[in-house]
Amino acid sequence: MTQVSIIGPGAMGSAIADLVRRSGNTVELLGRDDTGKPVTGDIVVLAVPYGGVAGVIAQREGQFDGKVVVDITNPVDFSTMDSLTVAADGSATAEIAEALPRSQVVKAFNTNFAATLSQGNVGEQPTTVLIAGDDAGAKAALAQIVTDAGLRAVDTGPLSRARELEALGFLQIGLAAGEKIAWTGGFAVVA
């Protein structure tokens, strides 16, 4: 059984927590006021907005060492909804990996809406969680949780693929914000 710590249990954190429970694993939810509680999970999900990640890392210095850290952020400029806020050749996940060199950082869940994680499907297709990272074991551990919960997991390749996942997440958010798709919809992967 794997213990998963979720920092920032908003809608996405709650949906991921439910997914972890459905997979038969345990969840520790850590909110804004829980800075005094240590992170105990083998896998840590950063379910906070991109702008809050640096603060979480600073508050919990050293607590991520040796753990799988899952970045779900989409570094979108929400004031204009017209661009990502990271360099064109970088990603939020790459920044997190640089800040946490003793962790295995992966990108996942950023191309999913909370509703599709909870309902387990996008239209007629099972919800697919796209995962990118450089550590095969970290990706496999997360993929196992996802598949044990009845969803699909697709390994999209190395951590450098996080940039494309963030662009895809940005596109999906823009479509939903522009009411072109529902927040209960999104992109489906047919395998």
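The following paragraphs examine the structure supplied in this document. Counting restarts for each chain: residues are numbered from 1 in the order of the written sequence. pLDDT decides what is reported in this predicted model: residues at 70 or higher carry local features, side-chain atom pairs at 80 or more are listed and counted, and totals for whole chains, interfaces and linings draw on all residues regardless. Water and hydrogen atoms play no part in the side-chain values, which are based on all heavy atoms of the structure.

If you trace the 7 strands from one edge of the open sheet to the other, you get β2-β1-β3-β4-β5-β8-β9, paired in mixed fashion. The open sheet has two edge strands, β2 (26-30) and β9 (152-157), and neither has a second partner. For this sheet, the mean inter-axis angle between neighbouring strands, taken without regard to orientation, is 25°. When DSSP finds at least two bridges between two strands, those strands are taken to pair. Secondary structure is summarised from DSSP: a helix means a run of H or I of at least four residues, a strand means a run of E of at least two, and numbering begins at the N terminus for each. With 5 bridges joining them, strand β8 (residues 128-133) and β9 adopt parallel strand pairing. In the sheet register, leucine 130 faces β9, and the bridge partner there is valine 154. Whenever a helix is involved, its axis is fitted only over the stretch in contact; in every case the axis is a line through C-alpha atoms, and angles between N-to-C directions fall within 0 to 180 degrees.

Attention shifts here to the packing of aromatic side chains. Aromatic ring pairs: the centre-centre distance and the angle between the two ring planes describe each pair. Any two of the Phe, Tyr and Trp rings considered here, Trp counted by its six-membered ring, make a pair once their centres fall within 6.5 Å; the pair's planes then place it as stacked at under 30 degrees, edge-to-face at over 60, or tilted in between. This structure, assessed with the given rule, holds 1 aromatic pair. Arranged with centres 4.9 Å apart and planes meeting at 55°, the rings of phenylalanine 113 and tryptophan 183 form a pair that is tilted. Here phenylalanine 113 is found in the loop between β5 (104-107) and α4 (114-119), whereas its partner tryptophan 183 is found in the segment after α6 (162-177), with 70 residues between them in sequence. Classification of residues uses two cut-offs on accessible area relative to the type maximum, computed with a 1.4 Å probe and protein chains only: under 20% is buried, over 50% is exposed, and between them is partly exposed. Judged by its relative accessible area of 8%, phenylalanine 113 is buried. On the accessibility criterion, tryptophan 183 (47% relative accessible area) is partly exposed.

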